[in-house]
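Chain by chain, the residues run as shown.
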Amino acid sequence: MGTRKKVHAFVRVKPTDDFAHEMIRYGDDKRSIDIHLKKDIRRGVVNNQQTDWSFKLDGVLHDASQDLVYETVAKDVVSQALDGYNGTIMCYGQTGAGKTYTMMGATENYKHRGILPRAVQQVFRMIEERPTHAITVRVSYLEIYNESLFDLLSTLPYVGPSVTPMTIVENPQGVFIKGLSVHLTSQEEDAFSLLFEGETNRIIASHTMNKNSSRSHCIFTIYIEAHSRTLSEEKYITSKINLVDLAGSERLGKSGSEGQVLKEATYINKSLSFLEQAIIALGDQKRDHIPFRQCKLTHALKDSLGGNCNMVLVTNIYGEAAQLEETLSSLRFASRMKLVTTEPAINEKYDAERMVKNLEKELALLKQELAIHDSLTNRTFVTYDPMDEIQIAEINSQVRRYLEGTLDEIDIISLRQIKEVFNQFRVVLSQQEQEVESTLRRKYTLIDRNDFAAISAIQKAGLVDVDGHLVGEPEGQNFGLGVAPFSTKPGKKAKSKKTFKEPLRPDTPPSKPVAFEEFKNEQGSEINRIFKENKSILNERRKRASETTQHINAIKREIDVTKEALNFQKSLREKQGKYENKGLMIIDEEEFLLILKLKDLKKQYRSEYQDLRDLRAEIQYCQHLVDQCRHRLLMEFDIWYNESFVIPEDMQMALKPGGSIRPGMVPVNRIVSLGEDDQDKFSQLQQRVLPEGPDSISFYNAKVKIEQKHNYLKTMMGLQQAHRK
């Protein structure tokens, strides 16, 4: 077991222009926070009201960036998870205090991402640094709304809604959610896609304290499993990271909640109250019973609260005087959490398949040792391998000869041979019984003694002996009759099914996405080919522009380094004194080489920058061609679709050559658009973001895919509504 350790508790103060400096003060060590309240003079002269509180925590984060918050709070927890330790990071606090911003951040801006996206990124970065291990990552996303469990990833097409409600189940391995989908993620972008998919399904509402208030508790779990590639041992490690975004506590008088929002606030406050009761019980060493089952939140987090886990709490508070009562309540909760102890330990498991392989290797070594021992004791005829067919046939022959009396005894060689001898006795006995039964059936008709109709017929036929017994009557034998199915009786021919020709035009028009694929392969194949060629040229130019941009950035960084080195050499020369010869400044060789290098770098920079400008001009022109092809492809598809499936058949004659309607005259309301695909958006995004932060590509690419998916779903809903109309 691991050593016991305290839960780490941090406080993050929401930035505000109206900060209560007189009431809230921070310690110099940035680990303590003091609260001071003025006495209420309305209580009279004798007033025992407490006015000062001091809270000692693991850190106070005031005006802290998202980078600093993650480095302080979560980095070590995620790092230890790759070594087999479970981890939990929980955000707690009043509604609107910044819990979701701390956990999720602003998904629109990569730099403002929160703990959860950064944890996902760190996990995959550390996996790349461990090539000696085969590490698999899975994720799940749970929502607890009004004391009901929901899977935020159930909207994925390969998951679907659960028929039975999800339940919390406990077993010796811990607590898990039955019915919650767990998804394998092979790369960082897949994990971000699942995260953004779940975020779009969260329940939020608006009230006076927060325009986008989370109305549910959410738990995003990262499951890690690591197997060694170099060692053949069957032991491997597992771990999980729970990232918990709690809904905020509310004072109903301040939030002004009513209706459904009021009902949600009641459930939220109730579950947070039960969470606090569980924390108080965990902090009391004399308590034997911990009330985990009072609500779904505490039950789901049973492993995290005081279990085998590295636990970190981030308490979000306001810095305003108007919210001081809620701030005190949140700080009390953080202080109680610090009293809770956990016992983190490495989660080691054993791979059954690898264990079997190791046992087979050990068995082979033991056989070799036995072979050496037998050779030393002149027992070379003994084998320890399973008997083959020839050896088994030889033992069967020995058993038969022994039963016939031609063999007096069977030599004992090994335990395996003894077992096979007894087995062959059983085989020979069974074969003899079958031969006896077969002989009897050839000579006699075996009838069940309970079949009175058959017995009566036999008696009439005179097939009964003098004692009144059936001839050839064995004990417990019977026979049965079968009836051939009607379809197999002779003279019956199967009726052939009638075949109908399908109409040339379907009764209901196909969906536009399906029809569009058909159009691109047939009538619109030429314009589609031109569109793809232009698109390919555009992507190639964008790729070259991206590479040129990276090269320019590399040259710029080298120019900056060279300038710093040159300035250092100049300052060093000035300190040593100036040397002149005939009015010319004398410099050393190193400084001269730096000047030449800087000159060459600037020349390269200007040349590459001119190439980049030319490429951008080409990209702009290619983009114009792609847009033109896209517009023409859509326009021709709309004409083809309406004239092929929408126009009544009695009007088709008018569209033929010489008719009164020319192609394109039919009014078309375009409801399907061929917008920019993922590659377009990704390429444009890459041009803008890559020079600043290459690590952000997976984050933004996943966001683009989720937006594309939801735009597609909206389009399909519009199609269905238009079809109904």
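Rules behind the numbers
Residues numbered from 1 in each chain as written. Predicted model: local features only at pLDDT ≥ 70, side-chain atom pairs only at ≥ 80, totals over all residues. Heavy atoms only, no water. UniProt positions renumbered as here; feature names shortened; annotations may be inferred. Helix = DSSP H or I, 4+ residues; strand = E, 2+ residues; numbered from the N terminus. Buried < 20%, exposed > 50% of the residue type's maximum accessible area, 1.4 Å probe, protein only. Contact = heavy atoms within 4.5 Å. Pairing = 2+ DSSP bridges. Axes fitted to C-alpha atoms, helices over the stretch in contact; angles between N-to-C directions. Phe/Tyr/Trp six-rings, centres within 6.5 Å; stacked < 30°, edge-to-face > 60°. Lys NZ or Arg CZ within 6 Å of the ring centre and 35° of its normal. Salt bridge = Lys/Arg side-chain N within 4 Å of Asp/Glu carboxyl O.

1. Notes on the UniProt feature "binding site: ATP" (unreviewed entry) in the protein
So, step 1. As recorded in UniProt, the feature "binding site: ATP" (unreviewed entry) lies at Gly-93, Gln-94, Thr-95, Gly-96, Ala-97, Gly-98, Lys-99 and Thr-100.
So, step 2. By the secondary structure assignment, Thr-95 is in the loop between strand 7 (87-93) and helix 3 (99-103).
So, step 3. Its relative accessible area of 3% is what places Thr-95 among the buried residues.
So, step 4. For Thr-100, the location among the structural elements is in helix 3.
So, step 5. For Thr-100, the residues in contact, after removing those within four places along its chain, are Gly-105, Arg-202, Ser-214 and Asp-245.

2. A look at unusual backbone geometry
So, step 1. Within the chain, Lys-30 stands out as a residue other than glycine whose phi angle is a positive 60°.
So, step 2. Examined against the element boundaries, Lys-30 turns out to sit in the loop between strand 3 (24-26) and strand 4 (32-36).
So, step 3. Lys-30 gets classed as exposed once you look at its relative accessible area, which sits at 60%.
So, step 4. A positive phi angle, near 50°, is found at Asn-146, a position not held by glycine.
So, step 5. Relative to the helices and strands, Asn-146 is located in the loop between strand 8 (133-145) and strand 9 (148-151).
So, step 6. Judged by its relative accessible area of 16%, Asn-146 is buried.

3. A closer look at the environment of Thr-200
So, step 1. Position of Thr-200 among the secondary structure elements: in helix 5 (residues 188-200).
So, step 2. Sequence separation between Thr-200 and Glu-707 is 507 residues, and the spatial gap between their C-alpha atoms is 9.8 Å.

4. Thoughts on the sheet that holds strand 3
So, step 1. Reading across from one edge, 3-4-5 is the order of the 3 strands in this open sheet, with antiparallel pairing throughout. Among the strands making up the open sheet, the edge pair consists of strand 3 and strand 5 (52-56). On average, each strand axis in the sheet is tilted by 15° relative to the strand beside it, whichever way the strands run.

5. Description of the packing of aromatic side chains
Aromatic ring pairs: the centre-centre distance and the angle between the two ring planes describe each pair.
So, step 1. Within the structure shown, the criterion is met by 15 aromatic pairs.
So, step 2. Relative to Tyr-26, the ring of Phe-19 has its centre 6.0 Å away and its plane inclined at 40°; by these criteria the two rings are tilted.
So, step 3. Looking at Phe-19, the relative accessible area reads 12%, which means it is buried.
So, step 4. Ring centres of Tyr-141 and Phe-220 lie 5.1 Å apart, and the angle between their planes is 90°; this geometry places the pair in the edge-to-face category. With a gap of 79 residues between them, Tyr-141 in strand 8 and Phe-220 in strand 15 (residues 217-228) connect regions that are remote in the sequence. Neither Tyr-141 nor Phe-220 differs from the other in exposure class; each is buried.
So, step 5. Chaining the aromatic ring pairs together yields one cluster made of Phe-516, Phe-519, Phe-637, Trp-640 and Tyr-641.
So, step 6. One Lys or Arg, Arg-113, reaches over the ring of Tyr-110 and ends 3.9 Å from the middle of that ring.

6. Quick notes on the pattern of salt bridges
Pairs can form between side chains of opposite charge whenever their charged atoms are close.
So, step 1. Inspection of the entire model under this criterion finds 24 salt bridges.
So, step 2. The partner of Asp-29 in a salt bridge is Lys-56, and the shortest N-O contact between them spans 2.6 Å. Of this pair, Asp-29 sits in the loop between strand 3 and strand 4 while Lys-56 sits in strand 5, and the two are 27 residues apart along the sequence.
So, step 3. Glu-636 is the salt-bridge partner of Arg-632, the closest N and O atoms lying 2.9 Å from each other. Here the residue Arg-632 and the residue Glu-636 both occupy positions in helix 16 (residues 589-646), the gap between them amounting to 4 residues, near one helical turn.
So, step 4. Take Arg-632: its relative accessible area is 44%, and that puts it in the partly exposed class.
So, step 5. A relative accessible area of 27% means that Glu-636 is categorised as partly exposed.
So, step 6. Sharing partners across several salt bridges, the network here consists of Glu-540, Arg-541, Arg-544 and Glu-618.

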